[in-house]
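Report on the structure
Residue strings, one per chain:
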Amino acid sequence: MSLTKKILLGAVAVLLLMALAAAGWAWYQVSRIEAQLPSVQSLREPNLGAPLRIYSADGKLIGEFGAERRSPLAYEQFPQQVIDAFLAAEDDQFFEHGGVDYVGLVRAAFKLAATGEKRQGGSTITMQLARNVFLSPERSYERKIKEILLAQKIERELDKKRILEIYLNRIFLGTRAYGVAAAAYVYFGKQLNELTLAETAVLAALPKAPSALNPLTNPKRALERRDYVLRRMLELNSISESQYSDAKAEPILAQEHAPPVDLDAAYVAEMVRADLFAKHGEAAYTAGFKVVTTIDSARQQLANEALRNKLLDYEERHGYPGAEAKLEPDDARALERNEPMQSEVVIAALRARPVYSGLPAAVVTGFGPEQMTVVSREWGESRIQPKGFAWAGKKPKIAVGDLVRIRKVATKDGDAVRLAQVPGVQGAFIALDPRDGAIEALAGGYDFTAGKFNRVTQAKRQPGSGFKPFLYAAALAKGYTPASIFIDAPVVLDETQDQNEWRPSNYDNDFKGPMRLREALVQSRNLVSIRVLQAVGIGWALNYAQNFGLDKKTLPRDLTLSLGTASLSPLEVARGYAVIANGGFLIEPYVIRQISDAQGQVLYEARPVKACPECPPEIEAGDPTAQLARRTMDPKTVYMITSMLHDVVVRGTGAAVNSLGRRDLAGKTGTSNDETDAWFNGFHPTLAATVWVGYDQPKPMGKGEVGGRAALPVWMDFMRGALKGVADMTPIPPPGMTTVRINPVNGKLAWEGSERFINETLPLDRLPEEDDGLIPGQESEAGTAAQDLF
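1. Structural notes on helix H12 (residues 266–280)
- Its 15 residues place the ends of H12 20 Å apart at the C-alpha level, agreeing with the 21 Å of an ideal helix rising 1.5 Å per residue.
- Every buried residue of H12 is listed here: Tyr 267, Val 268, Ala 269, Glu 270, Val 272, Arg 273 and Leu 276.
- Against the buried residues of H12 lie strand E1 (52–55), strand E2 (61–65), strand E5 (290–293), strand E13 (439–443) and strand E17 (592–596).
- Looking one or two residues beyond H12, the residue adopting positive phi is Gly 281, at roughly 65°.

Written out as structure tokens, the structure reads:
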């Protein structure tokens, strides 16, 4: 054998040995990597990080908070259109290959050789699933090998439908949406089976680059990629030419949607979320907590509707200020020639408007004295009759191209569309069970989406005359009665902090002279309230206010206290009225009834202290074992102030309540200076509710916008529905009281046979003296002359 042949054979042998060594090394590396691969079992039973879910007392979902938004489905629940779109976009050979597209890998390898860049390519759906679930986002050869091996392992252990199901449930599609069903709601507010072909293609476009192709932040690139998906579907015969053309002509109308809920109680959901986050941190969003609140879904709906409708009514009373925005003049003129919903300009304009509950944005497409036409995304084209825009005035500032708000109102002929505007004024509503403090309905403003500020718990406003029941109760506790006489006459004081002369007055700037305490509260006489505070003393009144749960350190220590100049939240005021409603027990308002973990184990159960008017005195000291609330008011005081507040809603500033046809309601209006704050606080023995209306930045609401006009109608609308079917519960006087006849003018016991008398139920140890024909205080500063009472 020649030397040349020997050299060649040696070289071949060396090459073979090197090849064998390389193959051995490669086999070793693959074996090493394969041994490190995770189990596919976690795909069969995925831990998706269950979100925090919050429910009403009757099981309605009111809030969901999670680091990731997911809505997992079974394979059979995915519409074929969704499957076709994702296969066309990501892996049209999915059902043919064994987990790896070798042709695609070779193509990616050539790309690497040609450019020197490591680009992602050749990844099948199975490989994407392996990468997204098990691997880091780094780009390396070892990670690619792991991806291939994992994909093959997944294909060996799971069938194709199961793999695709997991992929469609777990793929990240931007905006915290994981899975196709979650993304359908996030971007379009729809279930999967409600998506149009074009919308489905938008979602199928996202796996390639969820951020760069996001239709919310980059609609142009999203449109280009969507059209690519549609073209691929056409090439694969998944859709027809006409379907392709129609879908391609459809604009992208994506906007972010909050997780779907069964009940609008967003302010409550946020209260609960904040509480759990404070205790558990980020784990609150992934541990699968289930929270059941005290919210009654029917009463919550009543509260939402009552508050929103009356805030809108307020806006209508004060006139239409003009359009929210306007289209460009050329675009406005074009509306008369084109179909509005086909105009990209109109669609873009409507999308740009913020969303408010029950107030869709609309573009005016026609206007005249006999009819107004508008178009909205939610309701399409709508016609508004003259009575629906009459509140805008005889010469309204309305023109074609205006962007306005509309709402639906119930009429005898069905729902009618009406011109509206987003309220500038705000409000708050809270209703709680006075027997244990359970919050049954809460609305912290017109719409949570417009701002998270919860006016029920966070706003501190002057309650005005709504504070008077606390003061009058303090007077009753000190020995006065509803028959006690006080003078309604001018007061001039210089006791304020700046030493300026203070001349308080009644709302009507009138003076009525001597009057009974009951009448003073019924008519809400400010000057009498000042004299009541002078009579009992500021110290006594402040101390007694604590019986209603108020912090005396936050209350003014001067005579303005009598006129409600303290800064209180609606929750604080409602709690105070609840103490009267439940018979004099200081309850603790609460909203979380139960918390359980993802396995259903109860972690927390509320044990509220409860009012117990029928309990014997020896166990009324707030016994924690008995779960009884502490009694802070004497039953006689409770009965008298309740009776006086009942008269307020029968013949006083809250007399409109009579229209509810009940005999067991009581309450008090409240209005701060210059009609800046309007309140109504009232109760039934089983339900106490407070309404506040005003501007977030305090300013006058307008002449006549007092508690009885701006706030009371909200309370009435709520109570009308909330107490439907609830029997009357007329209070019964406690032991130690008797009903006597008194002279209504001077509050003294009426002579037997007198024709001028009223009945008054008073404590036995506080009966007035026999009538002597004189009025107490007739020689006082009021200068009232003696008068013949008979």
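Having seen the model, we can carry on.
2. Focus on the sheet that holds strand E22 (residues 687–694)
- Strand order in this open sheet of 5 strands is E13-E12-E22-E21-E20, and the pairing throughout is antiparallel. Whereas interior strands pair on both sides, the edge strands pair on one side only; in this sheet they are E13 and strand E20 (666–671). When the angles between neighbouring strand axes are averaged without regard to direction, this sheet yields 5°.
- Bridging between strand E21 (residues 677–684) and E22 involves 8 bridges; their strand directions are antiparallel. The partner of Phe 680 across the bridge, within E22, is Val 691.

3. Some details on the sheet that holds E1
- If you trace the 5 strands from one edge of the open sheet to the other, you get E2-E1-E5-E17-E18, paired in mixed fashion. The open sheet is flanked by E2 and strand E18 (602–605), the only strands paired with a single partner. On average, adjacent strands in this sheet sit at an angle of 15° to one another, irrespective of strand direction.
- When E1 meets E5, the two strands line up parallel, connected through 3 bridges. Bridge pairing in E5 places Tyr 55 opposite Val 292.
- Here H12 sits on the sheet in contact with E1, E2, E5 and E17, set at roughly 40° to E2.

4. Remarks on the packing of helix H13 (residues 297–317) against helix H22 (residues 707–722)
- Packing of H13 against H22 leaves a shortest axis separation of 9 Å and a crossing angle of 150°. The orientation of H13 with respect to H22, classified from their angle, is roughly antiparallel. As H13 runs across H22, the sense of the crossing is right-handed. Residues Arg 299, Leu 302, Ala 303, Ala 306, Leu 307, Lys 310 and Arg 317 of H13 touch H22, and the partners they reach there are Arg 709, Ala 710, Pro 713, Val 714, Asp 717, Phe 718, Gly 721 and Ala 722.

5. Re the pattern of salt bridges
- In the structure shown here, the tally under the stated rule is 40 salt bridges.
- Among the salt bridges present, the one from Glu 440 reaches Arg 299, with a minimum N-O distance of 2.4 Å. Of this pair, Glu 440 sits in strand E13 while Arg 299 sits in helix H13, placing them 141 residues apart in sequence. The same class applies to Glu 440 as to Arg 299, namely buried.
- Measuring nitrogen to oxygen at the nearest pair gives 2.9 Å for the salt bridge that ties Asp 677 to Arg 461. Note that Asp 677 is positioned in strand E21 and Arg 461 in the loop between E13 and helix H16 (468–477), a separation of 216 residues in sequence.
- Residue Asp 677 is classed as buried on the basis of its relative accessible area of 4%.
- A cluster of three or more residues bridged by salt bridges with shared partners is formed by Lys 310, Asp 313, Glu 316, Arg 407, Arg 418, Asp 717 and Arg 720.

Scoring rules and cut-offs
- Residues numbered from 1 in each chain as written.
- Predicted model: local features only at pLDDT ≥ 70, side-chain atom pairs only at ≥ 80, totals over all residues.
- Heavy atoms only, no water.
- Helix = DSSP H or I, 4+ residues; strand = E, 2+ residues; numbered from the N terminus.
- Expected span 1.5 Å × (residues − 1).
- Buried < 20%, exposed > 50% of the residue type's maximum accessible area, 1.4 Å probe, protein only.
- Contact = heavy atoms within 4.5 Å.
- Pairing = 2+ DSSP bridges.
- Axes fitted to C-alpha atoms, helices over the stretch in contact; angles between N-to-C directions.
- Parallel < 35°, antiparallel > 145°, perpendicular 65-115°, else oblique.
- Left-handed = near helix turned anticlockwise from the far one by under 90°.
- Salt bridge = Lys/Arg side-chain N within 4 Å of Asp/Glu carboxyl O.

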